[in-house]
Amino acid sequence: MKIGVVYPQTELKGDPEALRQLGLATEELGYDHLLMYDHVVGAVHADRDPPLWGPYQETDPFHDPLVAFGYLAGITQTIELVTGVLILPQRQTALVAKQATDLDLLSGERLRLGVGTGWNYVEYDALGQDFAVRGPRIDEQVAFLRQLWTEAVSSFDGEYDHLDRGNINIRPNRQIPIWFGGFSEPAFRRAGATGDGFIFAGPLEGGQGAVGGVLDGWIRIKEHLQANDRSVSGFGADYVMLASRSVDETLETLKRWEDAGGTHASVVTMGMNLGPAQAHIDYIADVKSRL
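### Some remarks on the sheet that holds strand β2 (residues 33-36)
Then comes step 1: Reading around the barrel, the eight strands line up as β1-β2-β3-β4-β7-β8-β9-β10 and close back on themselves, with parallel pairing between neighbours. This sheet shows a mean twist of 25° between the axes of neighbouring strands, independent of strand direction.
Then comes step 2: The sheet contact formed by strand β4 (residues 111-116) and strand β7 (residues 178-181) spans three bridges and is parallel. Along β7, the bridge assignment pairs L113 with I178.

Written out as structure tokens, the structure reads:
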């Protein structure tokens, strides 16, 4: 099982030096990947109808993951760079295809593009996209991304995106892996139908989502893979271990997730009141030394 680290976006205040230190430490400690969350716009939660249910507000700082990874691609050599997850339907598809291409080429094919639909409709409004159609739009976007990455010149006539005999040039040297993320049955369905993997979060058992915890979600995805005549072999399953609040819990969770067939896991340091970047580095170093 490959093990990586979640960059603690909301706790390091957008500090460039913290990004440099934690990116280099993740690689030097022998981790396999660094995962970053995505939010373009924060929003005040008070007096919203419908309510905003997600965990982040206007006070939470976020780097743009594609820009931050462009920097990290230049100072690291081996770690995979994972968007976990990029809110794809609020972004322009062709632009994401272009940005992802450059990042994959400049990093030596180290990008894993995790995508999802998100929860912040204020963010969608600010970016000029329709929150109500985020589900069908992401389905169409994945097909369009893969076409843009493959064909020298192509046309696309979708419900939300259109291209008349155009392209992106340059293109990547491979099909960049697209992993879905989320908590819901539609997200599991999409992954089973067209995804290269899935990024889970939350508790292993019980908790948020239509079918309960991560282990139940993993079962549902395997059922969707089977329904689409796709093999579990080669399909990735990454668990962002939000529920593990200590080194001991992290190690126990890693064992349980590997036993369940997980292929990847991501160590979380956010929410532990660790303080500056070095404290987060010390924590992931402790986890690594005890693996």
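### Topic: helix α2 (residues 65-75)
Then comes step 1: For α2, the complete set of buried residues consists of P65, L66, A68, F69, L72 and A73. End-on, the buried residues of α2 take up no more than an arc of 155°, which puts them together on one face. Turned more than 90 degrees off the buried face of α2, the exposed positions are V67 and G74.
Then comes step 2: Buried positions along α2 lie against α1 (16-28), β2, β3 (80-87) and α3 (93-106).

### Overview of the side chain of D104
Then comes step 1: Inspection of the secondary structure puts D104 in helix α3.
Then comes step 2: When its relative accessible area of 0% is taken as the criterion, D104 is described as buried.
Then comes step 3: Here D104 is in contact with E109, R110, L111, P172, R174 and I176, once residues within four sequence places are set aside.

Analysis parameters
- Residues numbered from 1 in each chain as written.
- Predicted model: local features only at pLDDT ≥ 70, side-chain atom pairs only at ≥ 80, totals over all residues.
- Heavy atoms only, no water.
- Pairing = 2+ DSSP bridges.
- Helix = DSSP H or I, 4+ residues; strand = E, 2+ residues; numbered from the N terminus.
- Axes fitted to C-alpha atoms, helices over the stretch in contact; angles between N-to-C directions.
- Buried < 20%, exposed > 50% of the residue type's maximum accessible area, 1.4 Å probe, protein only.
- Arc of directions from axis to C-beta.
- Contact = heavy atoms within 4.5 Å.

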